[in-house]
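# Inside the fold
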Amino acid sequence: MDFLEDLSRQLEDIRLDGTNVRAEFPCPRSVLRYLNHQGSMSETNRLASALENGIDIEDTPENQSRIRTRKRLQRRQKQKLKSLLDKQNTNYNEQNRSTAAIIEPFLSQKNFYPNYMELDDVMKGLESGELFEGNIRISQKCTTEAYVPSPDKSKDILINSIKSRNRALDGDKVAVKILQKSEWRNPDTEDCQRTGEVVYILNSKENRIVVGTLLVDRGVLHRYSTLVPRDSRFPKLLVDTSIWPSPIYLKEGTKESKELFYALLPRWENFKFPKAILKGVLGESGEINAETEGILIAHDIQERPYPDDIDQYFPPQFSVEEELKHRKDFRKHCIFSIDPPTARDLDDALSCVPLPNGNFEIGIHISDVSYFVKQGTPLDEIAEKLATSVYLVQKVYHMLPPTLTMRASLLPGTDKLAVSITLEMTPDANVISHSFSQSIIHSCAQLHYAHAQIFLENPNKNDWDESEFPTVYNGYTINDCATAVSNLHKLAAVMRERRFGSGALAINQPKLSFEIDRATCEPLSYSLYILHESNWLIEEFMLLANTMVAEHLKTHFPKTAMLRNHQAPDVTPMEKAVKLLKVHGIDIDVTSAGSIHKSKAAYCQGENSKNPHWDIIISNILSKPMVRAEYCVIDTSRSMSHFALNVPYYTHFTSPIRRYPDIVVHRMLISWLTGNPIKEYEDPKLIHQIAINSNDKKNNAKKASEASAEIYAACLIGKLGGLVVDASVMEVKENYFEATVLSMNMNVRVYVNISSHNPDLLHKFCRLSIIDDKPTLTIWWDLEGEHKQTLQLFDKVKLKLSKRENCLKLRAILIRD
């Protein structure tokens, strides 16, 4: 078998172009006959080689007398060769191409896509309006469909076929031509959607990494295998496995690899499937560690981005005496942090001191990371490239080296460097004055949200058991912390009510969290992480700090301020969501962020809430049209406002340990405080580039975090042997419906069409219809039609969740309730 495997690999390099067929190993005649069209070409090549080298094929050293007949034999050989060539001449080229296509399957599909327009013509088309540009977004649920934002801000332009997408990958900046009206979806109806085709790729991310399993064909002439991506938005890739140095193990009875691989996609030439370079193996498909490795690689997240000697760029331990020459001393204040119990990167801390006039001095203290990350050092360059920390279920991949993260964290019981905002606030949370300063603090406690929540739920208690709480330093007690938390909460409650009253929007979606076995990283249980008042307390003061710093940067850095911008939602998708909700009796006013919040609250809070699960479904539906907030450099020619927060300027200042833009903001603020301008930060183009990279890395980190939660959910459900859950219908289509698993706030697609692809469905048949303007799926549980079930938006259903075989993906089927 080893000989045959070696033979099959080497045969792939044999030339089949009509010249001599040579091999450096014994080749069975039957194989050569197959390769050379049943022996005729073999004979032809043999004769041609003899003539080319002037050697008689019948000549041997033992028969010297035959040499005299060389000329006569050569004449015969020429005649025979001519006869064979004449016989094959009419069809050889076609046969040769066919054989080459077997060896390299992508050759048979060359020029599969339309050729791109010339760049000059593209630029003219963009100028004239015949073409438009935008970033393409490929649907994960229906990968034959992609969308590009319309230039007039109306409904997205649909790219509804693989050919029309023309080799564009998700996120590429493309030039698009809108097709004739006859090719639009639902023309001449209110649901009309224009369609288009990609005519040029203006900007594409180079060298994408794609993770997936291999489909391996062991046939003699098959040199290429197919990489089936984990991310369905990527096309299948052809990879050369003939040169892969290790065995590829297949799942029993299939051609699919047991292991996950990753490949590099340099470019996509004009073939149906792109050719990629197989780079590595991650481990067994369906295992947590291998799947996590796949998530990291696919989202360009490095496990060990820093060299071992990076500590040479750490600053020396600071001198309190030297730092106090230009820093404010808060070390005697009752300062504490409030974070999740697993938090190690403690960016922020608060203090609250009652004043004689009845007001409060509030301190918002943020770690001075700019002291530890000096601009222009290799440490700074790597941190800028990473841009953010990444939070997966079982591990955090910190933006800064772990040692430096601990040095910068505002841990209790030790002097720490900070940048502080000091506020004087009235009891009704009006800010009388504020100031910025570099500071030194000494936190007295590291509280968890649960500790703060206990304080808030017991406002009159003053005999706390110290042993039930973290150690308190600096001469303070748990009672002192509880009093400060209570005062901060009263102020935060007023701030929150005022913020939403003046037009802010919050679409809160509970996050799925897991308890895991730290030794194996396997999941043990899951729960929804619900936000409480203690979370809102911290949120209000952080939002206030970010808004105040943004206003300050706008004034003092009018051309280069680093801001956080959130545009209004896309009009057409939001109108579609409003229409969908309206037919179910839910009226959402989308005039402003505040109107959305108030009209949503009318159906989701208190006595007006018809069902507890409505809040989750309405929030999921309204979140879809929302655009992502982005980092940007200030631009006075367009709106810099934050739609959801309803503030004219906003930035990120409060988390510099885990976000690089916050470090940039800190440096700008400190340069103003010290009067030492940063020359590099006077260039808007530099800030723009930092913003672009930070947006990209933040989006990747968010996707990786979501993917991590998905594989952990699949792993846990697999360990449980399946799970029956309550879900609520989010969307109804002909062959499936989308549902939200209420206990997980996780969306799943549930197929209902009876086919060979869905052999495990429990119902007998189904039908989509419109009842009172509501898309309705009718499910029949028996062939007689006596037992049926109708499904519409908001309906509760029972689902059976199971893990798909050999991978960490979920399958959901409808079960009879």
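Data block above holds the structure.
Worth saying up front: this structure is predicted, and the values here are computed from it rather than measured. (Residues numbered from 1 in each chain as written. Predicted model: local features only at pLDDT ≥ 70, side-chain atom pairs only at ≥ 80, totals over all residues. Heavy atoms only, no water.)

## What about the overall build of the protein?
Across its full length, the protein holds 20 helices and 32 strands. Of all 817 residues assigned to the protein, the portion counted as buried reaches 48%. (Helix = DSSP H or I, 4+ residues; strand = E, 2+ residues; numbered from the N terminus. Buried < 20%, exposed > 50% of the residue type's maximum accessible area, 1.4 Å probe, protein only.)

## Observations concerning helix α20 (residues 684-719)
In a regular helix each residue adds 1.5 Å, so 36 residues correspond to 52 Å; α20 covers 53 Å between its end C-alpha atoms and thus fits that length. Capping of α20 at its N-terminal end is provided by aspartate 683; its side-chain oxygen lies 3.0 Å from the backbone amide nitrogen of lysine 685. (Expected span 1.5 Å × (residues − 1). Polar contact = N/O pair within 3.5 Å; in protein donor to acceptor, adjacent residues only side chain to side chain.)

## Focus: empty space enclosed by the protein
The tally for this structure, following the rule as stated, stands at four cavities of 30 Å³ or more. Empty space within the largest cavity amounts to approximately 140 Å³. Forming the walls of the largest cavity are Asp300, Ile301, Gln302, Pro305, Lys385, Leu386, Thr388, Val390, Tyr397, His398, Met399 and Lys697. Here the lining of the largest cavity is composed, by residue class, of six nonpolar, three polar and three charged. (1 Å grid on protein atoms, 1.4 Å probe; cavity = no way out; pocket = protein on both sides within 12 Å on 5 of 7 lines; lining within 4 Å. Points joined across faces, edges and corners; volume = space filled by probe spheres on them. Nonpolar A, V, L, I, M, F, W, Y, C, P; charged D, E, K, R; others polar.)

## Overview of the packing of aromatic side chains
Overall, the coordinates contain 13 aromatic pairs when judged by the stated rule. An angle of 70° between the planes, with centres 5.9 Å apart, marks the rings of tryptophan 244 and phenylalanine 261 as edge-to-face. With a gap of 17 residues between them, tryptophan 244 in the loop between β9 (237-240) and β10 (259-265) and phenylalanine 261 in strand β10 connect regions that are remote in the sequence. Pairwise contacts between aromatic rings join Phe112, Tyr113 and Trp268 into one cluster. Here lysine 163 stacks its cationic end above the ring of phenylalanine 112, 4.4 Å away from the centre of that ring. The aromatic ring of tyrosine 736 is capped on one face by arginine 749, whose charged end is 3.8 Å from the ring centroid. (Phe/Tyr/Trp six-rings, centres within 6.5 Å; stacked < 30°, edge-to-face > 60°. Lys NZ or Arg CZ within 6 Å of the ring centre and 35° of its normal.)

## Quick look at the environment of tyrosine 529
Mapped onto the elements of the fold, tyrosine 529 is located in strand β22 (residues 523-529). Overall, the relative accessible area of 36% leaves tyrosine 529 in the partly exposed class. It is 9.5 Å that separates the C-alpha atoms of tyrosine 529 and glutamine 509, two residues lying 20 residues apart in sequence. Ignoring sequence-local partners within four residues, the contact set of tyrosine 529 consists of Tyr449, Pro510, Lys511, Ser513 and Asn535. In terms of polar contacts, tyrosine 529 uses its side chain to reach the side chain of asparagine 535, at 3.5 Å. (Contact = heavy atoms within 4.5 Å.)

## What about the pattern of salt bridges?
When charged atoms on two side chains of opposite charge get close, those side chains can pair. Counted under the stated rule, the structure contains 34 salt bridges. Ionic pairing is found between aspartate 152 and arginine 194, a salt bridge with its closest N-O pair at 3.4 Å. Residue aspartate 152 is found in the loop between β3 (146-148) and β4 (157-159), and its partner arginine 194 is found in the loop between β5 (173-178) and β6 (196-203); the two are separated by 42 residues along the sequence. The partner of aspartate 587 in a salt bridge is lysine 582, with the nearest N and O atoms 2.8 Å apart. For lysine 582, a relative accessible area of 52% gives the class exposed. Counted as one network, the salt bridges with shared partners bring together Arg496, Arg499, Glu539 and Glu540. (Salt bridge = Lys/Arg side-chain N within 4 Å of Asp/Glu carboxyl O.)

## Some points on a negative patch on the surface
Residues Asp465, Glu466, Glu468 and Asp480 make up a contiguous surface patch of negative charge. The topology assignment puts aspartate 480 in helix α14 (residues 478-501). Using a relative accessible area of 32% as the deciding quantity, one classes aspartate 480 as partly exposed. (Patch = residues over 30% accessible without salt bridge, like charges linked within 9 Å, V, L, I, M, F, W, Y side chains within 5 Å. Areas by Shrake-Rupley, 256 points an atom, 1.4 Å probe, with all protein chains shown as cover. Lys, Arg positive; Asp, Glu negative; His and termini not counted. Charge placed at Lys NZ, Arg CZ, Asp CG, Glu CD.)

## Quick word on a nonpolar patch on the surface
A contiguous nonpolar surface patch, about 310 Å² in accessible area, is contributed by Ile754, Phe765 and Leu783. Tracing the chain through its elements places leucine 783 in the loop between β29 (774-780) and β30 (788-791). A relative accessible area of 66% means that leucine 783 is categorised as exposed.

## A short note on the environment of glycine 718
Tracing the backbone through its elements, the reader meets glycine 718 in helix α20. Using a relative accessible area of 32% as the deciding quantity, one classes glycine 718 as partly exposed. Distance in space between the C-alpha atoms of glycine 718 and leucine 810 is 8.8 Å, their sequence separation being 92 residues.

## Looking at unusual backbone geometry
A positive phi angle, close to 60°, is found at aspartate 188, a residue other than glycine. In this fold, aspartate 188 is placed in the loop between β5 and β6. If you check the backbone angles, asparagine 745 has positive phi at about 50° while not being a glycine. On the secondary structure map, asparagine 745 appears in the loop between β26 (736-741) and β27 (746-751).

## Some thoughts on the sheet that holds strand β8 (residues 224-229)
Picture the strands of a sheet paired through backbone hydrogen bonds; they go either parallel or antiparallel. With mixed pairing, the five strands of this closed barrel are ordered in space as β7-β8-β9-β11-β10. Looking at each pair of strands side by side, their axes are set apart by 55° on average, direction ignored. Pairing analysis gives six bridges linking β10 to strand β11 (residues 275-284), with the strands arranged antiparallel. Bridge assignment links phenylalanine 261 to a residue of β11, and that residue is valine 281. (Pairing = 2+ DSSP bridges. Axes fitted to C-alpha atoms, helices over the stretch in contact; angles between N-to-C directions.)

## Topic: the side chain of aspartate 339
Counting through the fold element by element, aspartate 339 comes out in strand β13 (residues 335-339). In this structure aspartate 339 touches Leu346, Leu447, His448 and Tyr449, once residues within four positions along its chain are discounted.

## A closer look at helix α17 (residues 593-604)
Taking 1.5 Å of rise per residue, twelve residues should cover 16 Å, and α17 covers 16 Å from first to last C-alpha, within 8% of that figure. Most of α17 is tucked away, with ten of its twelve residues classed as buried. Residues of α17 that are buried include every one of Ala593, Gly594, Ser595, Ile596, His597, Ser599, Lys600, Ala601, Tyr603 and Cys604, and no others. Considering only its buried residues, α17 is in contact with α14, α16 (571-582) and α18 (614-623).

## Quick notes on the nonpolar core
Counting 86 residues, the largest nonpolar core has Phe336, Ile362, Ile364, Val485, Phe541 and Phe653 as its most contacted members. Per-element tally for this core: the top contributor is helix α15 (residues 533-556), with ten residues. With near-sequence residues (within four places) excluded, phenylalanine 541 lies in contact with Leu350, Ile362, Ile364, Met425, Leu488, Leu491, Ala492 and Met495. (Core = buried A, V, L, I, M, F, W, Y, C linked by side-chain atoms within 4.5 Å.)

## Some remarks on the sheet that holds β29
Taken together, three strands build an open sheet; the order of strands is β28-β29-β30 and the sheet is antiparallel. The two strands at the open ends of the sheet, each matched to only one other strand, are β28 (765-771) and β30. Going across the sheet, the axis of each strand differs from the next one's by a mean of 25°, ignoring polarity.

## Some words on the pairing of β9
Residue alternation in β9 divides its side chains into two sets, Leu237 and Val239 and Leu238 and Asp240, and both sets are buried. Pairing of β9 with β11 involves two bridges; the strand directions are parallel. Note on β11: the bridge partner recorded for leucine 238 is lysine 275.

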